[in-house]
Amino acid sequence: MKLLLSLLLTITSIIILSSCSSNKTESKEKIAVVISTLNNPWFVVLGDAAKQRAEELGYDAVIFDSQNNPSKETEHFDNIITSGYKAILFNPTDAKGSLANVKAAKEADIPVFCMDREIDANDLAISQILSDNYSGCVLLGQDFVKKLSGKGTYVELLGIVGDNNTWNRSRGFHSVVDGYPGLRMEAQQTGEFDRNKAMEVMESMLQAHPKINAVFCGNDAMAMGAYQAVLAAGKAGKILIYGFDGAADVITAIREGKIEATGMQFPRTMAQTAAEYAGKYIQGERRFQKKVPVAVELVTKENVGNYVSYGKSK
Amino acid sequence: MKKWIVISAAFVLAVAALYESIYFERLDAKNAKEMIRKVSPKETAEYFWKNELDGILETAIDLKSFDSVLAANPRALVQRYGKAVGITSNYCFLVKGTATRIVREAERIPAVITNGHANYQLVARHIYGNTARDATGYFDIDDFRNTMDFNTLATELNAIIVKEVAGRALNAISPGASMHFIGAVEINADNIPTEIAIVPLKLEAVR
């Protein structure tokens, strides 16, 4: 009996001790979420969705804001590499400028999964999950041609020149519109994806080309800036404004007839996919598609009821 | 006996691990990938058009079968024949059938299909988007240096179609005449349309 009791006590002690020790060592693995800027609601949604999905998968996730500054981004990567992170969900500041950071992470055996913005290399990030900007802008171009009946003049506000998204959007749009000789582009300038900058540029464009029929903008922030300039010039309702993103204010503006159309991106899908890929990588999976385009959908006054900001209505 | 079981299990595990770490690909596929990385999207499109397209067109589905399966079970159609790139509800297919040219200057040419569930029209001008590229199922986005090259390839392929098919081949077919076609279509699996555009990849007069 005594022997049995002491055996039971020993087993209980072992169980208690092992549970204590496992509690001590069971700290969660960490995933870093590096976002180009949190000064734009689109990227806030992207970062939050990535963090949330990583946490749902059982990881600790921390968001780093690069403030659209490549040096800041490098500082973040330096910290992340020395702090035991297991993966990086990355929204780069620059297709070329961010390469060194991803290379440093790769050399430190930390897998990088790009979200929304592409880096100009195929062999550094494990996977890049990106909006299909080109196809989205083909849809916008088709709507643009239809609404203008293939005739008229327009201007274009480009995004950040060093961002591949800028050119994929512009080229998708022009792949349609340039086939119609009745449509003439009067000016093309960068608004740097920024609302205030776009408003200033649009004001100058309106002074130089007061008779334009439309403006194509590389994102929704610029579309709202362009709308402010058009409104101030007393031309609201006379110039068709096109955006890209699916931001809340643009969805409302489409409903109110202030903006003609936008391309709906799905940042939550991109962020969640990146987090899931990172989780699989940490668990040992090694085969991933290097580039994963995510479809973009056309939102106009006719179908705006099917959408909310950055996604479909349930 | 037990020893043999352990050895066999270890062998199976080793083979599985090896399979996970390496995979084999056909030499011609490997060469095509290498070529894509080295040359411009325009050259890739031209090479594909001259050397690879004909074999791929043999896999096209008869338009009447496509139409009936689309109406009865679009999910099955997508699963069996649909081709897509990335995360999307849009799927591309190769279809074949006949169409009749009614007038010389037309944006679209109706395809002949009796009791069809949808209306099908060949696009005769203004060809854009990724439908032709993706319906062939030949190109892998990972073989391209960046997404811009992958998209430029679609533009270059469309330019060839405008010139060679919608231009040269179509011009050889008189108004009133019928033609066999093989083309590419794109369908949104969540929202099946009733008007479906076909990007022509091959046209031949019915003799």
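Refer to the preceding data block for the structure.
Predicted model only: the values in this text are computed from it and were never measured.

Trainee: Describe the overall build of chain B, with residues and values.
Mentor: A tally of helices and strands in chain B yields eight helices and six strands. Helices and strands in chain B line up, N terminus first, as α-α-α-α-β-α-α-β-β-β-α-α-β-β. Among the 207 residues that make up chain B, the fraction classed as buried is 40%. In chain B, once contacts between residues fewer than 6 apart in sequence are set aside, the share between residues at least 24 apart is 70%. Summed over its atoms, the accessible surface of chain B is roughly 11500 Å², and 55% of this surface lies on carbon and sulfur atoms.

Trainee: Please provide a residue-by-residue account of the overall build of chain A, values included.
Mentor: When helices and strands are tallied, chain A shows ten helices and 14 strands. Projected onto its principal axes, the C-alpha coordinates of chain A cover approximately 100 × 40 × 35 Å. Counting the 314 residues in chain A, one finds 51% classified as buried. Carbon and sulfur atoms form 52% of the exposed surface of chain A, whose accessible area is close to 14000 Å². Charge-centre separation for chain A: the mean point of 34 positive side chains lies 3 Å from the mean point of 36 negative side chains.

Trainee: Account for the interface of chain A and chain B, with residues named and values stated.
Mentor: Contacts between the two partners involve 28 residues from chain A and, on the opposite side, 22 residues from chain B. Of the roughly 2200 Å² buried between chain A and chain B, counting both surfaces, carbon and sulfur atoms make up 49%. If you sort the residues of chain A by the area they bury against chain B, Y134, R287 and P293 of chain A come out on top, with a joint share of 27%. The interface formed by chain A and chain B holds 13 residue pairs in polar contact (both at pLDDT 80 or more) in total. For the side of chain A that touches chain B, the elements supplying multiple residues, two or more each, are α5 (133–147), α6 (164–177), α10 (267–282) and β11 (291–294) of chain A. The biggest single contributor to the side of chain A that touches chain B is α6 of chain A, with six residues.

Trainee: Help me get a handle on helix α2 (residues 41–56) of chain A, residues and values and all.
Mentor: Residues and elements named next belong to chain A. For α2, which comprises 16 residues, the first-to-last C-alpha distance of 22 Å matches the rise-based estimate of 22 Å (1.5 Å per residue) to within 8%. Within α2 the residues assigned to the buried category are W42, F43, V45, L46, G47, A49, A50 and A54. The inward-facing, buried residues of α2 contact β1 (30–35), β2 (60–65), β3 (85–90), β4 (112–115) and α10. Its side-chain oxygen placed 2.9 Å from the backbone nitrogen of W42, N40 serves as the N-cap of α2. The positive-phi residue at the C-terminal boundary of α2 is G58, with phi of around 100 degrees.

Trainee: Got a sec to walk through the sheet that holds β1 of chain A? Specific residues and values, please.
Mentor: All names here are of chain A. Overall, parallel pairing links the six strands, which are arranged β2-β1-β3-β4-β5-β11 in an open sheet. Whereas interior strands pair on both sides, the edge strands pair on one side only; in this sheet they are β2 and β11. Averaged over all pairs of adjacent strands, the angle between strand axes in this sheet comes to 20 degrees, irrespective of strand direction. Where β1 and β2 come together, six bridges link them in parallel fashion. Looking at the pairing, K30 lines up with D60 of β2.

Trainee: Outline the pattern of salt bridges, listing residues and values.
Mentor: Residues and elements named next belong to chain A. Under the counting rule described, the total for this entry stands at 18 salt bridges over all chains. Across the salt bridge formed by K103 and E107, the nearest N and O atoms sit 3.4 Å from each other. Linking K103 with E107, this pair stays in helix α4 (residues 99–107), spanning four residues, or about one helical turn. Judged by relative accessible area, which is 43%, K103 ranks as partly exposed. Residue class for E107 comes out exposed when judged on its relative accessible area of 61%. D143 serves as the salt-bridge partner of K147, at 2.9 Å between the closest nitrogen and oxygen. Taken as a pair, K147 and D143 lie in helix α5 at a separation of four residues, close to a single helical turn. Judged by relative accessible area, K147 falls into the partly exposed class, the value being 30%. By sharing partners, the salt bridges in this structure join R53, E56 and E276 into a single network.

Trainee: Go over the packing of aromatic side chains with me, naming the residues and quoting the values.
Mentor: If you walk through the whole model with that rule in mind, you get 20 aromatic pairs over all chains. Here the aromatic cluster, defined as three or more aromatic residues joined through ring pairs, consists of F144, Y154, F173, F216 and Y242 of chain A. A cation sits over an aromatic face here: K30 of chain A above Y85 of chain A, 4.5 Å from the ring centre. One residue, R133 of chain B, lies across the ring of F150 of chain B, its end atom 3.6 Å from the ring centre.

Trainee: Describe the side chain of Q128 of chain A, with residues and values.
Mentor: Position of Q128 of chain A among the secondary structure elements: in strand β5 (residues 127–131). A polar contact of 3.2 Å, which involves the side chain of Q128 of chain A, links it to the backbone oxygen of A121 of chain A.

Thresholds applied
Residues numbered from 1 in each chain as written. Chains lettered and ligands numbered in written order. Predicted model: local features only at pLDDT ≥ 70, side-chain atom pairs only at ≥ 80, totals over all residues. Heavy atoms only, no water. Helix = DSSP H or I, 4+ residues; strand = E, 2+ residues; numbered from the N terminus. Buried < 20%, exposed > 50% of the residue type's maximum accessible area, 1.4 Å probe, protein only. Contact = heavy atoms within 4.5 Å. Areas by Shrake-Rupley, 256 points an atom, 1.4 Å probe, with all protein chains shown as cover. Lys, Arg positive; Asp, Glu negative; His and termini not counted. Charge placed at Lys NZ, Arg CZ, Asp CG, Glu CD. Buried area = accessible area lost by both parts, 1.4 Å probe. Polar contact = N/O pair within 3.5 Å; in protein donor to acceptor, adjacent residues only side chain to side chain. Expected span 1.5 Å × (residues − 1). Pairing = 2+ DSSP bridges. Axes fitted to C-alpha atoms, helices over the stretch in contact; angles between N-to-C directions. Salt bridge = Lys/Arg side-chain N within 4 Å of Asp/Glu carboxyl O. Phe/Tyr/Trp six-rings, centres within 6.5 Å; stacked < 30°, edge-to-face > 60°. Lys NZ or Arg CZ within 6 Å of the ring centre and 35° of its normal.

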